[in-house]
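# Breakdown of the fold
Now for the letters of each chain:
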Amino acid sequence: SPIYIGMAGNLRVRIEKHKNLIKKYKGGDYKGKIEDDDHVFASRVASRGMRETHLSLAIKPIKGQEVQTQIENLLNRISYPLLGRN
């Protein structure tokens, strides 16, 4: 199973956000509520001691927001991502 399935409008920005949040959680620099999906993912990666430099990424560009959302939901339901929230 994948560890996470998600969508991004700007992949570079999304990856940087994940990377920075993981570093904050690993360093104990984050003390707020863990509410949005990015924080949930980062906190779970940090709590499991996963190395963000060893994570890999698979990309499949898909046009159409509604189709993207449907595919994301389907993939989350059939693959049970380790750190996913859906």
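Provided above is the structure to which this section pertains.
Residues numbered from 1 in each chain as written. Predicted model: local features only at pLDDT ≥ 70, side-chain atom pairs only at ≥ 80, totals over all residues. Heavy atoms only, no water.

Where helix 1 (residues 11-27) meets helix 2 (residues 37-47), the closest approach of the two axes is 8 Å, and the angle between their N-to-C directions is 50°. One finds that helix 1 runs oblique with respect to helix 2. The two elements helix 1 and helix 2 meet at a crossing, and its hand is right-handed. Between helix 1, through R14, K17, H18, L21, I22, Y25 and K26, and helix 2, the contact on the second element is made entirely by D38, H39, F41, A42, S43, V45 and A46. Residues of the contact of helix 1 with helix 2, tallied by class, amount to 7 nonpolar, 3 polar and 4 charged. (Axes fitted to C-alpha atoms, helices over the stretch in contact; angles between N-to-C directions. Helix = DSSP H or I, 4+ residues; strand = E, 2+ residues; numbered from the N terminus. Parallel < 35°, antiparallel > 145°, perpendicular 65-115°, else oblique. Left-handed = near helix turned anticlockwise from the far one by under 90°. Contact = heavy atoms within 4.5 Å. Nonpolar A, V, L, I, M, F, W, Y, C, P; charged D, E, K, R; others polar.)

Approximately 1,000 Å³ is the volume attributed to the largest pocket. Elements with a contribution of two residues or more to the lining of the largest pocket: helix 1 and helix 3 (65-79). (1 Å grid on protein atoms, 1.4 Å probe; cavity = no way out; pocket = protein on both sides within 12 Å on 5 of 7 lines; lining within 4 Å. Points joined across faces, edges and corners; volume = space filled by probe spheres on them.)

Remember, this is a structural readout, not a statement about activity or role.
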